[in-house]
Amino acid sequence: MDLNLTEKIVLITGASKGIGKAIATEFARENAIVYLMSRTELKLKETREEIVKETGNTQVDYKVGDLKKGNDINQVVEEIKQIHGKIDVLINNAGGPPPGGFLDVDEEDWYHAFEQNLLSVVRMTKAVIPLMIDSGSGRIINVTSSSIKASIDNLILSNVMRPGVHGLTKSLAREFAKDNILINTIGPGKIKTDRTLELSKATAEKTGNTVEEVIENMSKDIPIGRLGLPAEFAKTAVFLASGANTYVTGQALLIDGASVSAL
Ligand SMILES: NC(=O)c1ccc[n+]([C@@H]2O[C@H](COP(=O)([O-])OP(=O)(O)OC[C@H]3O[C@@H](n4cnc5c(N)ncnc54)[C@H](OP(=O)(O)O)[C@@H]3O)[C@@H](O)[C@H]2O)c1
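Reading the values: the criteria
Residues numbered from 1 in each chain as written. Predicted model: local features only at pLDDT ≥ 70, side-chain atom pairs only at ≥ 80, totals over all residues. Heavy atoms only, no water. Near = heavy atom within 4 Å. Polar contact = N/O pair within 3.5 Å; in protein donor to acceptor, adjacent residues only side chain to side chain. Areas by Shrake-Rupley, 256 points an atom, 1.4 Å probe, with all protein chains shown as cover. Helix = DSSP H or I, 4+ residues; strand = E, 2+ residues; numbered from the N terminus. Nonpolar A, V, L, I, M, F, W, Y, C, P; charged D, E, K, R; others polar. Domains from an automatic or database assignment. Contact = heavy atoms within 4.5 Å. Buried area = accessible area lost by both parts, 1.4 Å probe. Salt bridge = Lys/Arg side-chain N within 4 Å of Asp/Glu carboxyl O. pLDDT = per-residue confidence, 0-100. Pairing = 2+ DSSP bridges. Axes fitted to C-alpha atoms, helices over the stretch in contact; angles between N-to-C directions. Expected span 1.5 Å × (residues − 1). Buried < 20%, exposed > 50% of the residue type's maximum accessible area, 1.4 Å probe, protein only. Parallel < 35°, antiparallel > 145°, perpendicular 65-115°, else oblique. Left-handed = near helix turned anticlockwise from the far one by under 90°. Arc of directions from axis to C-beta.

J.: Please clarify how the site of the ligand should be interpreted in this entry.
T.: The environment of the ligand is made up of 28 residues, and the closest members are Ser16, Thr40, Ala94, Ile191 and Thr193. A distance of 2.8 Å is found between an oxygen atom of the ligand and a backbone nitrogen or oxygen belonging to Ile19. Within the side chain of Thr196, a nitrogen or oxygen atom sits 3.4 Å from a nitrogen atom of the ligand. Look at the ligand: alone it shows 880 Å² of surface, and the protein chains cover 90% of it. Listing elements by their share of the shell around the ligand, those giving two or more residues are α1 (18–29) and α6 (194–207). When grouped by side-chain class, the residues that make up the shell around the ligand number seven nonpolar, 15 polar and six charged. Inspection of the shell around the ligand shows a minimum of three residues originating in each of domain 1 (9–191 + 229–255) and domain 2 (192–227).

What follows is the structure in structure tokens.
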């Protein structure tokens, strides 16, 4: 299958590690022109070097910016526009909100989660969509969580913000289908990233288990029997964001090894 991604301009946010980095690596493998965005320059530089080494694609660059700041978002999009005049693919991804139940989070936490996990998607999409309309096509993927389908205990901020992102996806998919802009939401179940390992370490310290035991216990709740790999998530994202996808839009897809039983 030809993914038709050669020389396509791809912007991936939250791309210095984990799922974002894996998605960037797969786009680089497909000869796209890849822009990584996140807040920490040193980490972005290292990630860029790793992706170039792994894929042989030197057309990987990065932009430093905070997705909680509208000005950073507009500046990154403007800089890419100045160089290429367009953005073909946008992957909206960022760090997730902290855990906690309703009584554990305060108003500041709500604003933080709103800005980082919902408003950032609105702002970034608003900045990029006019370019996609001008060029007559576009693909957008919003990375969320399995909380778009089933709420997760002790994760109230995700349970509220993530479904909002999918609501946005559905509306935009319908509004911009006529412009050949296809927009989908993908929700990770449990993917083996640094963040998952950090959370497992915290659980291990609390329970007295080893990290391996924590991960083994976690895997027991996943019908496929193990955590997902970032590259497994990335391959699906790349297909949906490619020229090979011409009809799937407005959908919410979980990559969770069948963990969530909701339809
Ligand atoms: N891994 C899983 O199993 C899983 C499960 C459910 C949901 N998710 C969600 O999927 C997303 C990706 O997960 P992950 O495990 O890859 O996360 P991660 O390892 O924490 O990576 C997050 C990335 O986002 C960047 N970032 C964070 N805040 C940012 C901001 N304000 N502006 C710009 N960049 C920012 C980080 O770099 P800097 O800190 O340097 O900016 C990093 O590159 C998260 O939203 C997570 O909650 C993941």
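J.: I would appreciate a short explanation of the domain arrangement of the chain in the present structure.
T.: How big an interface is tends to be stated in terms of the accessible area lost upon association of its parts. Here the domain parsing of the chain yields domain 1 (9–191 + 229–255) and domain 2 (192–227). With nine residues of domain 1 at the interface, the matching set in domain 2 holds nine residues. Of the roughly 780 Å² buried at the junction of domain 1 and domain 2 (both faces included), carbon and sulfur atoms supply 55%. One can count one salt bridge joining domain 1 with domain 2. As a salt-bridge pair, Glu232 and Arg226 come within 2.7 Å of each other at their nearest N and O atoms. Counting every contact that joins domain 1 to domain 2 gives three residue pairs in polar contact (both at pLDDT 80 or more).

J.: Would you mind showing me how to read the pattern of salt bridges here?
T.: Should their charged atoms come close, side chains of opposite charge can pair. Tallying each qualifying case throughout the model produces nine salt bridges. In this structure, Asp88 engages Lys86 in a salt bridge whose closest nitrogen and oxygen atoms are separated by 3.1 Å. Salt bridges sharing common partners tie together Glu26, Arg29 and Glu54.

J.: Just checking my understanding: could you explain the confidence of the model for the chain for this structure?
T.: Low-confidence regions, as indicated by low pLDDT, have predicted coordinates that should not be scrutinised in detail. Per-residue confidence for the chain averages 97 on the pLDDT scale, and 100% of its residues sit at or above 70. Per-residue pLDDT, averaged within each element of the chain, yields its smallest value for α6 (87) and its largest for strand β4 (residues 89–92) (99).

J.: How should the sheet that holds strand β2 (residues 33–38) be read in this particular structure?
T.: What links the strands of a sheet is backbone hydrogen bonding, and the strands pair in either a parallel or an antiparallel sense. Pairing is parallel in the open sheet, where seven strands are placed in the order β3-β2-β1-β4-β5-β6-β7. Every other strand in the sheet has two partners, leaving β3 (60–64) and β7 (252–255) as the edge strands with one partner each. Adjacent strand axes in the sheet meet at a mean angle of 20° when their direction is disregarded. Two elements, strand β1 (residues 9–13) and β2, share five bridges in a ladder whose sense is parallel. From the neighbouring strand, Leu11 faces β2, where its bridge partner is Tyr35. In this fold α1 packs onto β1, β2, β3, β4, β5 (138–143) and β6 (181–188), with an angle of close to 165° to the strand it touches most, β1. Contacts between helix α4 (residues 107–135) and the sheet are confined to β1, β2, β4, β5 and β6, with β4 contributing the most and set at about 175° to the helix.

J.: Where do I start with the side chain of Thr25 in this structure?
T.: Along the chain, the position of Thr25 falls in helix α1. Each residue touching Thr25, except ones within four places of it in the same chain, is listed here: Ile51, Glu54 and Thr55.

J.: I'm lost on the environment of Gln59 in this one. Help?
T.: Tracing the sequence through the fold places Gln59 in the loop between α2 (41–55) and β3. Sequence-distant contacts of Gln59, defined by excluding residues within four places in its chain, comprise Glu7, Ala32, Ile33 and Val34.

J.: Just checking my understanding: could you explain helix α5 (residues 156–176) for this structure?
T.: Residues spaced three or four apart along an α-helix face the same direction, because each turn holds 3.6 residues. Compared with an ideal rise of 1.5 Å per residue, which puts 21 residues at 30 Å, α5 spans 31 Å between its outermost C-alpha atoms and is within 8% of the ideal. Buried within α5 we find Leu157, Ser158, Asn159, Met161, Arg162, Val165, His166, Thr169, Leu172, Ala173 and Phe176. Packing partners of the buried residues in α5 comprise α4, β5, β6 and β7.

J.: Explain the packing of helix α3 (residues 70–84) against α4 here, please?
T.: Each packed pair of helices is defined by two parameters, the angle between the axes and the distance between the axes. Taken N-terminus to C-terminus, the directions of α3 and α4 make an angle of 25°; their axes are 10 Å apart at the nearest point. The orientation of α3 with respect to α4, classified from their angle, is roughly parallel. Considering only the axes of α3 and α4, their crossing is right-handed. Of the residues in α4, those in contact with Gly70, Ile73, Asn74, Val77 and Lys81 of α3 are Ser120, Arg123, Met124, Ala127, Val128 and Leu131. A per-class count over the contact of α3 with α4 returns six nonpolar, three polar and two charged.

J.: Teacher, can you tell me more about α3 here?
T.: Under the 1.5 Å per step criterion, the end-to-end length of α3 is 21 Å for 15 residues, consistent within 8% with the ideal 21 Å. Those residues of α3 that sit buried are Gly70, Ile73, Val76, Val77 and Ile80. The buried residues of α3 occupy an angular sector of 140° when projected down its axis, which confines them to one face. Residues of α3 that are exposed and point over 90 degrees away from its buried face: Asn71, Gln82 and Ile83. The inward-facing, buried residues of α3 abut β1, β2, β3 and α4.

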